[in-house]
Amino acid sequence: MTFGEKVRAARKERGLSQKELAARTGIAVRTIINYESGSRMPKSKDSYVRLAEVLDIDLSSLMDENAEFTIQASEKYGSRGRRQAEKLVKDVEALYAGGELEERDMDAMMRALQDAYWRAKEINRKFVPKKYREEEE
């Protein structure tokens, strides 16, 4: 079940409209709609926390390793880092789709890719154009 499907199911189970959920969480209605449609993911952990509290569900059921990874990229490297992390996650998901790897092997591979990503970001940090450095720091 995707993040958007989880939000929609929990919202409906609580008998809330999208507008009511937005009002209780302080998240815009359009954003809630985008979450549920799968076209957008929260940019901060705070949004996950507010949704989990209002929907009375466990935070870990909303967040997966990919969400944590993209949030860390956003916090550490700004919006460019978040976009790059999201692209990496999508590319890796496409790699796994229909694959024959066992789950533990897929987990190990994902951790290795994330580690490689963070190492490369640190190494390449000195090559980031000045106009983007302020955004990242």
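Every value quoted in this text rests on a predicted model; they were computed, and no experiment measured them.

**Let's talk about the pattern of salt bridges**
For the structure shown, the criterion picks out eight salt bridges. Taking the shortest distance from any N to any O, the salt bridge between Glu36 and Arg11 comes out at 2.6 Å. One end of the pair, Glu36, is in helix H3 (residues 29-37); the other, Arg11, is in helix H1 (residues 3-13), and 25 residues separate them in sequence. Here the two residues Glu36 and Arg11 agree in accessibility, since each one is buried. Sharing partners across several salt bridges, the network here consists of Arg8, Arg11 and Glu36.

**Considering unusual backbone geometry**
Leaving glycine aside, a negative phi is the common case for residues, and trans is the common case for peptide bonds. At Asp56, a residue that is not glycine, the phi angle is positive and equals roughly 55°. Inspection of the secondary structure puts Asp56 in the loop between helix H4 (45-55) and helix H5 (59-62).

**A short note on the packing of aromatic side chains**
Counted under the stated rule, the structure contains six aromatic pairs. Ring plane angle 20° and centroid distance 5.5 Å describe the contact between Tyr77 and Trp118, whose orientation is recorded as stacked. In this pair, Tyr77 sits in helix H6 (residues 65-96) while Trp118 sits in helix H7 (residues 103-124), placing the two residues 41 residues apart along the sequence. Residue Trp118 is classed as buried on the basis of its relative accessible area of 15%. Centre to centre, the rings of Tyr117 and Trp118 are 5.2 Å apart; their planes meet at 70°, and the pair counts as edge-to-face. Considered together, Tyr117 and Trp118 belong to a single accessibility category, that of buried residues.

**Description of the nonpolar core**
Taken as a class, soluble globular proteins show a tendency for nonpolar side chains to be buried jointly. If you look at the biggest cluster of nonpolar residues, it comprises 17 residues, and the most contacted ones within it are Phe3, Leu21, Ile32, Tyr48, Leu51, Leu55 and Leu62. Elements with a contribution of two residues or more to this core: H1, helix H2 (18-25), H3, H4 and H6. In terms of residue count, the dominant contributor to this core is H4 (four residues). What Leu51 contacts, discounting residues up to four positions off in sequence, is Phe3, Leu21, Thr25, Ile27, Ile32, Tyr35 and Leu62. Tyr77, Tyr96, Met110 and Trp118 belong to the second largest nonpolar core, which has ten residues in total.

**Some remarks on the environment of Leu21**
Assignment of secondary structure puts Leu21 in helix H2. Sequence separation between Leu21 and Lys90 is 69 residues; the distance between their C-alpha atoms is 28 Å. If we skip the residues at most four places from it in the chain, Leu21 touches Val7, Arg11, Leu16, Ile32, Leu51, Val54 and Leu55.

**What about H4?**
Taken as a whole, H4 has its buried residues at Ser47, Tyr48, Leu51, Ala52 and Leu55. Taken end-on, H4 shows its buried residues confined to a sector of 130°, consistent with a single buried face. In this structure, the buried residues of H4 make contact with H1, H2, H3, H5 and H6. Of the residues one or two after H4, Asp56 is the one with positive phi, at around 55°.

Rules behind the numbers
- Residues numbered from 1 in each chain as written.
- Predicted model: local features only at pLDDT ≥ 70, side-chain atom pairs only at ≥ 80, totals over all residues.
- Heavy atoms only, no water.
- Salt bridge = Lys/Arg side-chain N within 4 Å of Asp/Glu carboxyl O.
- Helix = DSSP H or I, 4+ residues; strand = E, 2+ residues; numbered from the N terminus.
- Buried < 20%, exposed > 50% of the residue type's maximum accessible area, 1.4 Å probe, protein only.
- Phe/Tyr/Trp six-rings, centres within 6.5 Å; stacked < 30°, edge-to-face > 60°.
- Core = buried A, V, L, I, M, F, W, Y, C linked by side-chain atoms within 4.5 Å.
- Contact = heavy atoms within 4.5 Å.
- Arc of directions from axis to C-beta.

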